[in-house]
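Structural characterization, general
Listed here are the chains, written in short residue letters.
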Amino acid sequence: MDTPELIDRANAVLIGNYARMPTAMVRGEGSLVWDSTGKQYIDLFAGFGGAVLGHAHPALVAAVTEQAQKLWHVGNTFHTEPQVRLAEHLNRTAFAGKAFFCHSGLESNEAAIKLARLRGAQQNPKRWKVVSFNKSFHGRSLAMIAATGNPAVKAGFEPMVPGFMQVDLGDMEGLAAAADNETAAIIVEPIQGEGGIHPLPIEFAVELRKLCDARNITLIFDEVWTGCGRTGRWFGHQWFDAGSLSATRQASTGECRAGECVKPDILTIGKAIGGGLPVGTMFARPELAALLVPGKHGCTLGGNAVCMAAAATVFDVIEREQLLQHALNLGEHAMSRLRNETKAAGRVAAVRGRGLFIGVELAAAPVKLVERALDQGLITNVTASKVIRIAPPVNIDQATLDRGLDILIRAINE
Ligand SMILES: Cc1ncc(COP(=O)(O)O)c(C=O)c1O
């Protein structure tokens, strides 16, 4: 395949809403990807987190192939076993709840807000407003750009859908003032991803839960980035240990017992859950889920058998290959290398993250860092103008990760 010719063809027929590199990818295996010229890249970004088990994982290929040969899609007027398997995995790894399946993170969030409003409509006065946080990202639908705390995402699409407002992460007073008797939901990411890898402080998560309980507000954790093992736990909220004093210590040693963590009323999941296929999930406490009766919400291809088979297998593989611990170990290793080996050049302001969800905040916006890294055979990403994001497949081996970090550290320091 001739790359310039493909790019010309693409420019003629594809909308230019993505800033694409002049590179065409044709093949992937594990954490490696090859372009149309045969050049190899180390993938430290996993396609914005979707390819959580890398490319062409044999178990995913087998699961999808087997399902595709059996049953593709019958619509949600029937039961299919892969949906049930996936929802059972969520009950085991998150909390006791019920699932609704769709295709993307934003759809999961839309479903969650609708469910919170259904609950709010039963209260007096009716609750319909939503509070979220500055620097958050919740998706690109009209409602989700209203929920997103980044003016650039909203620009040009005004007027915003009414009822959404943002406060600063950690500002409990601001939050208590914003959440009035018409507030249906608070939505928050356990670690702000697009905003620059900002973990929600554990104490703040505890306070959030208390506020929502006291005022009958639905608490939604948007785990589109942090779900399914990315942070070294099944879900990012499992770092929020309610046993306050020991919380920080337990979290830093990775010992939080899931049963003790601050839990949401609704968990929204996307990206990794499909292993790279389009799967979104809204997972709600049963009492809340019971409000979503036939006619209230739906999604034609949501829960289709092939995507569900892949998603259920993602959980099987993470468990079988003990990838939570692996992600924790490699995350610690990567963060310590990134801190130590960039010190002398003085360009790094902070390294933060959990598991294999890492942000390297630079002192100043880098010049063409993503392009320079790509040139050297590394796929990475910069967000919030100066935060390099590292989110490789969670099954990356240490040697490959180290080769990628070598390139990245050189690109930062030079
Ligand atoms: C936290 C969070 N929520 C929601 C979304 C939207 O997900 P999708 O692009 O699958 O609609 C994203 C996308 O990056 C995200 O990071």
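Residues numbered from 1 in each chain as written. Predicted model: local features only at pLDDT ≥ 70, side-chain atom pairs only at ≥ 80, totals over all residues. Heavy atoms only, no water.

All right, on to the environment of Ala 87 then. The residue Ala 87 is located in helix H4 (residues 81-93) in this model. Between the C-alpha atom of Ala 87 and that of Ala 327, which follows or precedes it by 240 residues, the distance is 23 Å. Leave out the neighbours within four places in its chain, and Ala 87 touches Ala 99, Phe 101 and Phe 283. (Helix = DSSP H or I, 4+ residues; strand = E, 2+ residues; numbered from the N terminus. Contact = heavy atoms within 4.5 Å.)

What follows is about the sheet that holds strand S15 (residues 378-379). The strand order across the open sheet formed by 4 strands is S1-S2-S3-S15, and the pairing between neighbours is mixed. Both edges of this open sheet fall to strand S1 (25-29) and S15, since each of them pairs with a single strand only. Pairing of strand S2 (residues 32-35) with strand S3 (residues 40-43), which is carried by 3 bridges, proceeds in the antiparallel orientation. Paired with Leu 32 across the two strands is Ile 42, which belongs to S3. Taken strand by strand, helix H15 (residues 398-413) contacts S2, S3 and S15, and its axis lies near 100° from that of S3. (Pairing = 2+ DSSP bridges. Axes fitted to C-alpha atoms, helices over the stretch in contact; angles between N-to-C directions.)

Bringing the domain arrangement of the protein into the picture now. Partitioning the protein into structural domains gives domain 1 (3-56 + 322-413) and domain 2 (71-320). Domain 1 puts 28 residues into the contact, and the matching count from domain 2 is 31 residues. A combined buried area of about 2,400 Å² lies between domain 1 and domain 2, and 65% of that area is made up of carbon and sulfur atoms. Applying the counting rule to domain 1 against domain 2 returns 1 salt bridge. With its nearest N and O atoms 2.9 Å apart, the salt bridge here joins Arg 389 to Glu 194. At 4 residues, the largest contribution of residues to the side of domain 1 that touches domain 2 is made by helix H13 (residues 323-340). Of the residues that constitute the side of domain 1 that touches domain 2, the class distribution is 18 nonpolar, 7 polar and 3 charged. (Domains from an automatic or database assignment. Buried area = accessible area lost by both parts, 1.4 Å probe. Salt bridge = Lys/Arg side-chain N within 4 Å of Asp/Glu carboxyl O. Nonpolar A, V, L, I, M, F, W, Y, C, P; charged D, E, K, R; others polar.)

The next point concerns the pattern of salt bridges. Under the defined criterion, the tally for this structure stands at 17 salt bridges. A salt bridge links Glu 182 to Lys 129; the nearest nitrogen and oxygen atoms lie 3.1 Å apart. With a gap of 53 residues between them, Glu 182 in the loop between helix H8 (172-178) and strand S7 (183-188) and Lys 129 in strand S5 (residues 129-133) connect regions that are remote in the sequence. Classification of Glu 182 as partly exposed rests on a relative accessible area of 28%. Taking the shortest distance from any N to any O, the salt bridge between Glu 341 and Arg 337 comes out at 2.7 Å. Take Glu 341: its relative accessible area is 37%, and that puts it in the partly exposed class. Here the salt bridges do not stand alone but share partners, grouping Arg 209, Asp 213, Asp 265, Arg 285 and Glu 287 into one network. (Buried < 20%, exposed > 50% of the residue type's maximum accessible area, 1.4 Å probe, protein only.)

Strand order across the open sheet formed by 4 strands is S13-S14-S17-S16, with antiparallel pairing between neighbours. Each edge of the sheet is formed by a strand with only one pairing partner; in this case those strands are strand S13 (348-354) and strand S16 (381-383). Shown here is a sheet whose adjacent strand axes are inclined to one another by a mean of 25°, direction ignored. In terms of strand pairing, S16 meets strand S17 (residues 387-390) through 3 bridges, oriented antiparallel. Residue Val 382 lies in a different strand from S17, and its bridge partner there is Ile 388.

The next thing to look at is a nonpolar patch on the surface. Together, Leu 71, Val 74 and Phe 78 make up a nonpolar patch on the protein surface, roughly 260 Å² of accessible area in all. As for its placement among the helices and strands, Val 74 is situated in the loop between helix H3 (58-68) and H4. According to the relative accessible area criterion, Val 74 is partly exposed, its value standing at 35%. (Patch = residues over 30% accessible without salt bridge, like charges linked within 9 Å, V, L, I, M, F, W, Y side chains within 5 Å. Areas by Shrake-Rupley, 256 points an atom, 1.4 Å probe, with all protein chains shown as cover.)

With that out of the way, let us pick up the confidence of the model for the protein. With 96% of its residues at a pLDDT of 70 or more, the protein shows a mean pLDDT of 95. Residue range residues 244-255 is modelled with pLDDT below 50. Its contacts to residues more than four positions away, or to other chains, number 18 contacts. (pLDDT = per-residue confidence, 0-100.)

This brings us to unusual backbone geometry. Omega for the bond connecting Asn 124 with Pro 125 falls within 30 degrees of zero, at 5°, which places this linkage in the cis form. If you trace the backbone, Pro 125 turns up in the loop between helix H5 (105-121) and S5. Cis geometry is found at the peptide bond from Glu 158 to Pro 159, where omega equals 0°. A positive phi angle, near 75°, is found at Lys 135, a position not held by glycine.

Glancing now at the state of the cysteines. Taken as a whole and judged by the stated rule, the model has 0 disulfides. The thiol sulfur of Cys 102 is not disulfide-bonded, and the nearest other cysteine sulfur, from Cys 299, lies at 5.7 Å. For Cys 102, a relative accessible area of 2% gives the class buried. Here Cys 228 is not cross-linked by a disulfide; its sulfur's nearest cysteine counterpart is in Cys 102, at 13 Å. (Disulfide = S-S within 2.5 Å.)

A few words now on the site of the ligand. Near the ligand you find 13 residues, and of these Gly 105, Leu 106, Asp 222, Trp 225 and Lys 271 are the closest. Residue Asp 222 places a side-chain N or O atom 2.7 Å away from a nitrogen atom belonging to the ligand. Here an oxygen atom of the ligand sits 2.9 Å away from a polar atom, N or O, in the side chain of Lys 271. Against a free-state accessible area of 390 Å², the protein chains account for coverage of 83% of the ligand. No other element matches H5, which puts 3 residues into the shell around the ligand. Its residues assigned to classes, the shell around the ligand comprises 4 nonpolar, 5 polar and 4 charged. (Near = heavy atom within 4 Å. Polar contact = N/O pair within 3.5 Å; in protein donor to acceptor, adjacent residues only side chain to side chain.)

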